[in-house]
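# Chain and residue survey
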Amino acid sequence: MDVEKKKIIIVGCGPGAEEYITPAAQAAAARADVLIVSRRLMGFFPEVAAERIDSGVDIDGTLDEIAARHDAGQQVVLLATGDPGIASLAQPVIRRFGRENCEVIPGISSIQIAFARLGLDWQDARIISAHGSDPQVSAADLRAAEKIAILGGREGSLRWAAGLIPELGKGRRVFLCEDLTLPNEKFREVRADELIRIPVSSRAIILIIQGELLS
């Protein structure tokens, strides 16, 4: 007998605080036979009795685990931090299994929260991930951007940003956002040279904003 395969559900779990998890995300998690979760999200949805698999850092291994459960007809739900559309395991899952076999439930991203703290829209922002390694993008590529958001979370990402900012031209204001929506949230304006001396949270975003936008 052929096994009926359910769509893999990819769920955005928001920036960190439980009140930013959407009802749609909660409903999807409740349907899971298997939850694919990072350590950061392991404690989410304690009422769900599903098997939990740590997504870890072995992406290929995680995809193989998903494939085995998917082929067995189990409901696999992948929990993604923030929104699945930004620096997420969602992309390799969709590439492997196909869009037609996945359902994506968006979440509130830390990028949205960071811009909301400034009262700015972010529809024209350049979003760059420096979480895993230094981005292959130059200052020349970014000078025209009035709003830049860098996903950091490691000391190297702050050093990279500190070197980039002076090359973007004058009039930029820099904001370091850490642990947004959590009790230990920090949101502060800094100088570029300060970034190389600041201990950084793993949940860090650097906003580089053209100053006129905040006047």
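Anything mentioned here points back to the structure above.
Please read all numbers here as calculations on a predicted model, not as lab measurements.

## Side note on the sheet that holds strand S6 (residues 126-129)
- Here we have five strands laid out as an open sheet, ordered S6-S7-S10-S8-S9, and mixed in their pairing. If you trace the sheet from one side to the other, it starts and ends with S6 and strand S9 (186-190), each paired once. Averaged over all pairs of adjacent strands, the angle between strand axes in this sheet comes to 20°, irrespective of strand direction.
- Of the pairings in the sheet, the one linking strand S8 (residues 172-178) to strand S10 (residues 204-210) comprises seven bridges and is antiparallel in character.

## Topic: the sheet that holds strand S4 (residues 76-80)
- Sheet architecture is open: five strands sit in the order S3-S2-S4-S1-S5, paired in parallel fashion. Since the sheet does not close on itself, it has two edges, and those belong to strand S3 (51-54) and strand S5 (102-105), each with one partner. The average angle at which neighbouring strand axes cross in this sheet is 20°, direction not considered.
- Across four bridges, strand S1 (residues 8-12) lies against S5 in parallel orientation. Looking at S5, one finds that Ile-10 is bridged to Val-104.

## With respect to the nonpolar core
- Core analysis: the largest hydrophobic core is formed by 23 residues, its most contacted members being Ile-148, Ile-150, Leu-164, Leu-195, Ile-206 and Ile-208.
- No other element matches helix H6 (residues 155-164), which puts five residues into this core.
- Counting residues in each nonpolar core, the second largest holds 18 residues, with Ala-28, Val-37, Phe-45 and Val-77 among its members.

## Some words on the environment of Arg-191
- With respect to the secondary-structure elements, Arg-191 resides in the loop between S9 and S10.
- For Arg-191, a relative accessible area of 47% corresponds to the partly exposed category.
- Distance in space between the C-alpha atoms of Arg-191 and Phe-175 is 8.4 Å, their sequence separation being 16 residues.
- A distance of 3.1 Å separates polar atoms of two side chains, one belonging to Arg-191 and the other to Asp-193.

## Considerations on the pattern of salt bridges
- Using the criterion set out here, one finds 15 salt bridges in the structure.
- Salt-bridge contacts for Asp-64 lead to Arg-96; the nearest nitrogen and oxygen are separated by 2.9 Å. Highlighted residues: Asp-64 in helix H2 (residues 59-71) and Arg-96 in helix H3 (residues 90-97), separated in sequence by 32 residues.
- Among the residues examined, Arg-96 registers a relative accessible area of 41% and is labelled partly exposed.

## Description of the side chain of Ser-201
- The residue Ser-201 is located in the loop between S9 and S10 in this model.
- Since its relative accessible area comes to 14%, Ser-201 is described here as buried.
- Engagement of the side chain of Ser-201 in a polar contact is seen with the backbone nitrogen of Arg-203, the distance being 3.0 Å.
- Excluding residues that lie within four positions of it along the chain, Ser-201 makes contacts with Gly-153, Glu-178 and Asp-179.

About the thresholds
- Residues numbered from 1 in each chain as written.
- Predicted model: local features only at pLDDT ≥ 70, side-chain atom pairs only at ≥ 80, totals over all residues.
- Heavy atoms only, no water.
- Pairing = 2+ DSSP bridges.
- Helix = DSSP H or I, 4+ residues; strand = E, 2+ residues; numbered from the N terminus.
- Axes fitted to C-alpha atoms, helices over the stretch in contact; angles between N-to-C directions.
- Core = buried A, V, L, I, M, F, W, Y, C linked by side-chain atoms within 4.5 Å.
- Buried < 20%, exposed > 50% of the residue type's maximum accessible area, 1.4 Å probe, protein only.
- Polar contact = N/O pair within 3.5 Å; in protein donor to acceptor, adjacent residues only side chain to side chain.
- Salt bridge = Lys/Arg side-chain N within 4 Å of Asp/Glu carboxyl O.
- Contact = heavy atoms within 4.5 Å.

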